[in-house]
Amino acid sequence: IRKTILFFGIFIITVFAIDRMLGFVLDKMYLKSLKGMAGGDINYYLAYNKVDMLAMGSSRSRNHLVPDSMDVSCYNLSHNGMGIAYQAALLDVLDKKGRLPSKYLLLQLEPYSIFLKDSFITREIQYLKYYYHSNQYVKSELDRVDKYEFVKQGFSCYKFNGILPSIIKNNIILINSHYVNTFKGFQGNDPAPDDSLNTVNGFINVEKDTDENIKRVEDYHIENIGWRYFNHVREICRKNNITLICYTSPFYGGSWHKNMDYEANKKLADEGIIYFNFSSSVIPALSSAYLWKDVTHLNTKGANIFSSILNDSLKAKGLY
């Protein structure tokens, strides 16, 4: 029995020591990573010159918002597939690190996101688990998802789970080089020959399924988790005297969920939120399928046109 206890004692100490050593090395590598959505983009922005405007959102911001099209200094810190929960947590991280924009937060918002009542959207914040021990908001939200999160976070290597290949790749790429994000976070979709056909076919399929797939507004509750995250974003902006500007990127052919658009427009207007819904109708300048990658994403040509339209809308509103 004594030998067994000794064996397990040595084993646990060895695992603990290896975990701490690997965690230390991976942490250094993570902080050197300056590209990609596995933390590199955030690291790059944290070291970037402070800007007047920060754009945040999903791929429909990352692929659509061209910072150089804005009349103020702008950076696009959007992440594919990430919704309002992720944006709220990331903004909190930036707030605590003193890296908020000086004047404007440009938040790409899907109308349905503020009505979501399901807690599954909190799981987006797991992509920010690196900040579990340094940001109380991230910690509290991840603890909501998993009551054993604190146990997993006891291992130094755990926070790199799922992003290790990206960290290693980025460190290899950046050896003996100085990475510069030329497009300030914007990630365009280069036009391809079959994009227009795919876009039109996708639109036809969406049109067929619209009546079946549409979510009824009465099935949602405004006092829900989506709205709670949105309010966290709004509160951070208020405390830091930042103008919150929300917008919805266009869809090819216009909105598929007009009742949801109506409810979102009404709610945000009632709350005094600046909101531009570019999906509610077809924008003539973006009506050509040749400007789209698919039904939800513009290509680089379309993105430049849309960014100019958005910039002009902000000026017309007297925001700058």
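Computed from a prediction, not measured in an experiment: that's the story for all the values here. (Residues numbered from 1 in each chain as written. Predicted model: local features only at pLDDT ≥ 70, side-chain atom pairs only at ≥ 80, totals over all residues. Heavy atoms only, no water.)

## As for the pattern of salt bridges
Right, so step 1: What the rule picks out here adds up to 17 salt bridges.
Right, so step 2: Residue K267 pairs with E271 through a salt bridge whose shortest N-O separation is 3.0 Å.
Right, so step 3: On the basis of relative accessibility, which here comes to 18%, the residue K267 falls in the buried class.
Right, so step 4: Here E271 falls in the partly exposed class, since its relative accessible area comes to 30%.
Right, so step 5: Each of D71, D312 and K315 takes part in salt bridges that share partners, so that together they form one network. (Salt bridge = Lys/Arg side-chain N within 4 Å of Asp/Glu carboxyl O. Buried < 20%, exposed > 50% of the residue type's maximum accessible area, 1.4 Å probe, protein only.)

## Remarks on the pairing of strand β1 (residues 53–56)
Right, so step 1: Side chains M53 and A55 of β1 all project onto a buried face; the interleaved residues L54 and M56 project onto the opposite face, where all are buried too.
Right, so step 2: As paired strands, β1 and strand β2 (residues 74–76) are joined by three bridges and run parallel to one another. Its bridge partner being in β2, M53 is matched across the sheet by C74. (Helix = DSSP H or I, 4+ residues; strand = E, 2+ residues; numbered from the N terminus. Pairing = 2+ DSSP bridges.)

## Concerning a nonpolar patch on the surface
Right, so step 1: On the surface, a nonpolar cluster with roughly 630 Å² of combined accessible area is contributed by F7, F8, F11, I12, V15 and F155.
Right, so step 2: Along the chain, the position of V15 falls in helix α1 (residues 2–32).
Right, so step 3: When its relative accessible area of 35% is taken as the criterion, V15 is described as partly exposed. (Patch = residues over 30% accessible without salt bridge, like charges linked within 9 Å, V, L, I, M, F, W, Y side chains within 5 Å. Areas by Shrake-Rupley, 256 points an atom, 1.4 Å probe, with all protein chains shown as cover.)

## Points about the confidence of the model for the chain
Right, so step 1: Residue-level pLDDT values for the chain average 86, and 90% of them are 70 or greater.
Right, so step 2: Scored below 50 in pLDDT, residues 208–217 makes 11 contacts in the model with residues more than four places away or belonging to other chains. (pLDDT = per-residue confidence, 0-100. Contact = heavy atoms within 4.5 Å.)

## Some remarks on the nonpolar core
Right, so step 1: Ranked by internal contacts, the top residues of the largest apolar core, which has 53 residues, are L105, L107, Y229, F230 and V233.
Right, so step 2: In terms of residue count, the dominant contributor to this core is helix α4 (residues 84–96) (nine residues).
Right, so step 3: Leave out the neighbours within four places in its chain, and V233 touches I84, Q87, A88, L91, L105, L107 and L244.
Right, so step 4: Among the nonpolar cores identified, the runner-up in size contains 24 residues, and L65, V72, Y104 and A289 belong to it. (Core = buried A, V, L, I, M, F, W, Y, C linked by side-chain atoms within 4.5 Å.)

## Topic: the sheet that holds strand β5 (residues 274–277)
Right, so step 1: Spatially, five strands are ordered β2-β1-β3-β4-β5 in an open sheet, and the strand pairing comes out parallel. Two strands bound the open sheet, and with one partner strand each, they are β2 and β5. Pairs of neighbouring strands in the sheet enclose a mean axial angle of 20°, with direction left out of account.
Right, so step 2: Pairing of β1 with strand β3 (residues 104–108), which is carried by four bridges, proceeds in the parallel orientation. Within β3, the position partnered with A55 by the bridge is L106.
Right, so step 3: Running at roughly 135° to strand β4 (residues 243–248), helix α11 (residues 300–316) makes contact with β1, β3, β4 and β5 of the sheet. (Axes fitted to C-alpha atoms, helices over the stretch in contact; angles between N-to-C directions.)

## Focus on the environment of V138
Right, so step 1: Within the secondary structure layout, V138 lies in helix α5 (residues 136–145).
Right, so step 2: Taking the C-alpha atoms as reference points, V138 and K169, 31 residues apart in sequence, are found 26 Å from one another.

## Here's the deal with the packing of aromatic side chains
Right, so step 1: Within the structure shown, the criterion is met by 14 aromatic pairs.
Right, so step 2: For the pair Y104 and Y320, a centre-to-centre distance of 5.7 Å together with 65° between the ring planes defines the contact as edge-to-face. Placement of the pair is Y104 in strand β3 and Y320 in the segment after α11, with a sequence separation of 216 residues.
Right, so step 3: Here the aromatic residues Y30, Y130, Y131 and F160 are joined through ring pairs into a cluster of three or more.
Right, so step 4: Positioned above the aromatic ring of Y229, the side-chain terminus of R228 is 4.7 Å from the ring centre. (Phe/Tyr/Trp six-rings, centres within 6.5 Å; stacked < 30°, edge-to-face > 60°. Lys NZ or Arg CZ within 6 Å of the ring centre and 35° of its normal.)

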